[in-house]
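# Observations on the three-dimensional arrangement
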Amino acid sequence: MDRSNSPPSTRPPAHATLIHQALDAGVPVFCEKPVALDVPGTVGVVERARAGTVPVQIGFQRRFDAGYRAAREALHSGALGWLHTLRACTSDRTPPPAGYIPTSGGLFRDCSIHDFDILRWLTGREVVSVYAQGSNRGASFFADGDDVDTCAALLRFDDDTLATVTATRYNGAGHDVRLEVCGSEGARFVGLDDRAPLPSAEAELSWRRAADPYATFMERFHDAYVTELGVFTEVAAGRRPSPCSPAEALEALYVAEACERSRRTGQPVAVEEVRAAAGGADRGM
């Protein structure tokens, strides 16, 4: 989530080192995702955190957004029946600077990892396989950085629920982060508010957008960030456990890695293949 105007010490490549330093000093840690840019670095943090008693909270702020929390509650209450489809999107209004791309980890790890985390958190299920594609129709610096500016992935969960996850750096209508949770008895649509960048092509419409569309993720998730940091103060004070541990972040990264592997090979990829290649790190860490 860091952008190129952030201080160099806080950019993604430095996260793992800073977490280790804080743990060595016995200081409670709040760190934005990613924990590290690769699986081995993330596994190292997970193991280090597991071996100690210092709390670590990873910043997946969507877990604290009111809409996502309401959708999760509706699903687990049984109000939606059995779940059959999830549709998630993360769309930036404008691309980041060229200098950010080499440090971002790629579109799946930088943007879609938020969707992978929230889908696991919301459903309580694990992704077992993915099929992903990516494309470049924008600035050349994405391809030059071995990245894509637009991607799509099909996910299958361990209960056969299907999910689509899309992301782009070029959503001219505005910053668009939404989730459709579709069940046999009902549905919930997260992010469908007055500032959602959804200009309708229909002539007949009973509602119109009442405000300017979101321009950035900071606008879209302002309240979630405030809530998230408030929770961390309780974690740091020892009044509650971390709501998002490094181990949880590792699970989302496994899915992102599987998507990146699928994009490069053009083949479906089992998430267990990525886990096995990393040494089979346990979900309970």
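Description of the structure in this document. The shown structure was predicted, so the numbers you read here are calculated from the model rather than taken from an experiment.

Criteria and cut-off values
Residues numbered from 1 in each chain as written. Predicted model: local features only at pLDDT ≥ 70, side-chain atom pairs only at ≥ 80, totals over all residues. Heavy atoms only, no water. Helix = DSSP H or I, 4+ residues; strand = E, 2+ residues; numbered from the N terminus. Buried < 20%, exposed > 50% of the residue type's maximum accessible area, 1.4 Å probe, protein only. Phe/Tyr/Trp six-rings, centres within 6.5 Å; stacked < 30°, edge-to-face > 60°. Lys NZ or Arg CZ within 6 Å of the ring centre and 35° of its normal. Pairing = 2+ DSSP bridges. Contact = heavy atoms within 4.5 Å. Axes fitted to C-alpha atoms, helices over the stretch in contact; angles between N-to-C directions.

## A short note on the environment of Gly26
The topology assignment puts Gly26 in the loop between helix H1 (15-24) and strand S1 (29-32). Given a relative accessible area of 45%, Gly26 falls into the partly exposed group. For the pair Gly26 and Thr53, spaced 27 residues apart in sequence, the C-alpha to C-alpha distance is 8.4 Å.

## Examining the packing of aromatic side chains
Under the defined criterion, the tally for this structure stands at 3 aromatic pairs. Between Phe142 and Tyr170 the ring centres are 6.1 Å apart and the planes differ by 70°, which places this aromatic pair in the edge-to-face class. Of this pair, Phe142 sits in helix H6 (residues 140-144) while Tyr170 is found in the loop between strand S6 (162-168) and strand S7 (176-183), placing the two residues 28 residues apart along the sequence. Taken together, the ring pairs in this structure connect Phe141, Phe142 and Tyr170 into an aromatic cluster. The cationic tip of Arg72 hangs over the ring face of Trp121; the distance from NZ or CZ to the ring centre is 4.3 Å. Over the face of the ring belonging to Phe221 we find Arg220, whose NZ or CZ atom lies 4.3 Å from the ring centre.

## Thoughts on the sheet that holds strand S4 (residues 127-135)
Strand order across the open sheet formed by 7 strands is S8-S7-S3-S6-S5-S4-S9, with mixed pairing between neighbours. The open sheet has two free edges, formed respectively by strand S8 (187-190) and strand S9 (269-270), since each of these has just one partner strand. Inspection of the sheet shows strand S5 (residues 150-157) paired to S6 by 7 bridges, in the antiparallel sense. Its bridge partner being in S6, Ala152 is matched across the sheet by Thr166. Sitting on the sheet, helix H3 (residues 66-77) touches strand S3 (83-91), S7 and S8, and the angle it makes with S8 is about 165°.

## Re the pairing of strand S2 (residues 56-59)
Side-chain positions along a regular strand alternate between the two faces of the sheet. Neither face of S2 is exposed, since Val56 and Ile58 on one face and Gln57 and Gly59 on the opposite face are all buried. Pairing of S1 with S2, which is carried by 4 bridges, proceeds in the parallel orientation. For Val29, the partnering residue across the bridge sits in S2 and is Val56.

## Description of the pairing of S8
Both S7 and S8 contribute to a ladder of 4 bridges, which runs antiparallel. Each residue of the ladder has a partner; that of Cys182, found in S8, is Ala187. Between S7 and S8, which pair antiparallel in sequence order, lie 3 residues.

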